[in-house]
Every structure is written in C-alpha cells, then in structure tokens.
Amino acid sequence: MNESMVVPKYGYLNALRGIAIILVVILHVSQTVEALPPAVFKLLERGSYGVQLFFIASAYTIFLSYARRSQIEGEYLIKNFFIRRFFRIAPLYYLAAIFYTIFYYYHPDGFQEPVNVLKVIPSVLFINGFFPGAINYIPPGGWSVGVEMAFYCTVPFLFQKVDSLKRAIRLFALLFLATMVIKFALRFLMIYFLDMNYLSMEGWTLYFWFPNQIVIFSFGIILYFLVPKFTLKKQWLGGIYLLFLFALLILLFILKDKYDSYHVIPEHVLAAAIFSVVFLIMSKAKVKLLNNQVTRFLGEISFSLYLVHFVIVYFTDKLLLGFTNPYVELMTKLVIVLFCGAMICYLTYTGIEKRGIALGNRIINRRMNEQ
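Because the structure is a prediction, the values reported are computed rather than measured.

**Considering the side chain of serine 304**
Item 1. With respect to the helices and strands, serine 304 occurs in helix α14 (residues 302–319).
Item 2. If we ignore the near neighbours within four places in the chain, the residues touching serine 304 are Leu92, Cys345, Thr348, Tyr349 and Glu353.

**Examining the nonpolar core**
Item 1. Counting 110 residues, the largest nonpolar core has Tyr60, Ile221 and Phe279 as its most contacted members.
Item 2. Of the residues forming this core, the biggest block, 13 residues, is contributed by helix α3 (residues 50–70).

**Some words on the confidence of the model for the chain**
Item 1. Residues with a pLDDT of 70 or more make up 97% of the chain, whose mean pLDDT is 93.
Item 2. Counting interchain partners and residues more than four positions distant, the pLDDT-below-50 stretch residues 2–8 has 20 contacts.

**Here we look at a nonpolar patch on the surface**
Item 1. Taken together, Phe188, Leu189, Ile191, Tyr192, Phe193, Leu194 and Met196 make up a surface patch of nonpolar side chains, about 730 Å² in accessible area.
Item 2. Note on placement: leucine 189 falls in helix α7 (residues 165–192).

**Details of helix α11 (residues 237–259)**
Item 1. Here α11 contains 23 residues, and its C-alpha end-to-end distance of 32 Å stays within 8% of the 33 Å for a straight helix at 1.5 Å per residue.
Item 2. Within α11 the residues assigned to the buried category are Leu237, Gly238, Leu242, Leu245, Leu249, Phe253 and Lys256.
Item 3. On its buried face, α11 sits against α2 (38–44) and α12 (267–282).

**With respect to the environment of alanine 96**
Item 1. Looking at the element boundaries, alanine 96 is found in helix α4 (residues 77–106).
Item 2. A relative accessible area of 9% means that alanine 96 is categorised as buried.
Item 3. In the structure, alanine 96 is positioned 259 residues away from arginine 355 in sequence and 16 Å away in space, judged by C-alpha atoms.
Item 4. Here alanine 96 is in contact with Pro139 and Leu307, once residues within four sequence places are set aside.

What counts and how
Residues numbered from 1 in each chain as written. Predicted model: local features only at pLDDT ≥ 70, side-chain atom pairs only at ≥ 80, totals over all residues. Heavy atoms only, no water. Helix = DSSP H or I, 4+ residues; strand = E, 2+ residues; numbered from the N terminus. Contact = heavy atoms within 4.5 Å. Core = buried A, V, L, I, M, F, W, Y, C linked by side-chain atoms within 4.5 Å. Buried < 20%, exposed > 50% of the residue type's maximum accessible area, 1.4 Å probe, protein only. pLDDT = per-residue confidence, 0-100. Patch = residues over 30% accessible without salt bridge, like charges linked within 9 Å, V, L, I, M, F, W, Y side chains within 5 Å. Areas by Shrake-Rupley, 256 points an atom, 1.4 Å probe, with all protein chains shown as cover. Salt bridge = Lys/Arg side-chain N within 4 Å of Asp/Glu carboxyl O. Expected span 1.5 Å × (residues − 1).

Below is the structure:
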C-alpha cells in the first residue's frame, strides 16, 4: 500500500498517505467513543475513505515506477514487478495475520466472532475479496490488501493499454459504468429473487469486493498523466483550494445523507474524485498544514500503522476510562494511538518492511544476473 519514494519532489505522496492513515485511525478511534453525537460520528465514520486515498496514491505510484523500470528491465519487467509487490506486502501482512489470529483467540471481545483459522487462509492467499465470509476477517483491514493485490494483477495489462490521459479518462468512464451496472443488477436480484437486505450486503461484502473498488484506481492513473501537465501559478492559492475542497466534501456528505436514502450515488467514488483534486493541488503546492514532517513520516510508515493500529485502539479503549466529554476522549485517544503507533511502526517499518523490500530486490538482481 505504500511504495516508498525518497526523492524530495515526491514528498507530497507520503504526506497524502499520512493524511489517509490519519483518516482511517480517526474512524476506528471514533467507534470507541460512545457519547459522540450521531451527526458527528457519521461524519467521522467517513474516515474510512482514507483507504480510497491510499488506492489513488498506489495506482499513481505504481504507474510511475512501472514506467521507469520498463525502460530498464525489458523482458524481466512483469516478473520483477510481481516479486517486488509480493515482498513489499507479504512479510508484514503475514506476521499481522499470525498475530491477530492469536490475539483475537485470547481476546474474543475485540472481534465479531470466534476465530476460525480456515477463514484466514483466503487472506493469506490474497483472495479474500472473493470469499464473502473472509473478505474483511483477519488481519483486520485485510480487505483493502486483497483489493490492492487484485489491482496489481491488472497493472501489466493496463499499463500497456492505457497510454494517454484520454484513455485513462475512458477507463474511468468504463469502470464507473460497470460498477453501477453490477451494483443495480445485484440489487435487483437481491430484492426480487433472493429476498435479501441489499443495504446490508452493499455495506459490507459488495462494498469491499474488487469490482466495486477498481474504479478508484483509475483516478490514480488519470493523475499519472495529469500531474505533469498541471501548473499552479500562485502557490498561496493551494491552501485556499484545499480548504474549499474539504468543505465541499463535507457538504456533499451532508446532502447525500439527506437526499440519497437509497444510496444511488457511490459515495466512495465521490470522495475519491475530491481526493484526486486534492492530490493534484498538493503535487504542486506545499501546504504545510497537510504536507509536513509529521504527515510525511506517518505516510512512510502508513502500511505498518494500517495493520498495527487496530490492537492499539483496542488497548487504548480498555485502559482509558472515565471521560465525561466525548470530544476530549476522542482527541486523547487519537493522539495516543498515533503516537504509540508511530513508535511501534517505525520499528516494524525498518525491521520488517524494508527488509522485505531488500529481499525482493536481491532476488530480482540474482535472477537478472544469472540470465
């Protein structure tokens, strides 16, 4: 989920990932604060769309690195790509799967059901997105990793076929249309033939699965072609534009809650569209409130923090009691989770993630040298 870019001009990418992980942590911390007003909780719940921001940044970064390596690696490109992606994701992800299986076995109050090891297997194979009962099981948040790995499988094909901004926009239009057709076809079946609650399915399995999320990656591909063409003549306007965009996003959420009770408009696509404009502006304007040492650092360790923060949220909720003000409780827990998470995840990032990346690179170098 995090393709580390150390070149300074790409610092905004880690800042965007930092914002994304903060949004996700806000979501899960807010779920432990029972006294929050419903309207506030509903807004904080939209922190889940930080995952869509991850997907956008991932597609953009993957296309950048794939283009650069296509000039160097030739016939080895595709195999090398999958080796790199596997060793970028798998080492920490597999350890997280083992840890949470054991953890939830001994702390079942932190999980929705007794642990079933057989349901962990699809996650380990990265095919959990095609198994409704395992789509978001163990490790928690694993649905997005399954989606990410499914996207990787499409990259060689998409990179070859989508070679211009016009084609990237056509890809978005095609995927969005397909998403809507699938959504309403399944809704029709559930209502008239299966007698199922479509809102329940669309809020879980049919939301998490790859066909509903692939359209989000097309925003990152559009940005791959658009960012080099985009200019921002007055840097100081960047902050104003971003403030307007976040206000617009909140307004759209409010309007959607009021007027779209049948959930016709796919909210995650709406959020991704706004985040894409935020991405575009941040690529040209350094707004220190959003692009700073803290957000860039959190972005650097964001994959670790994504996997680790669940257990920190669990213990923070258990240990911090007696709050009378829900907003004080929210901010206290949020700061503690981010601070403790940053310390732990710096170790997992340097000790596990970076070593996994290095191992993948060694395997690639050995393969290429032997040929």
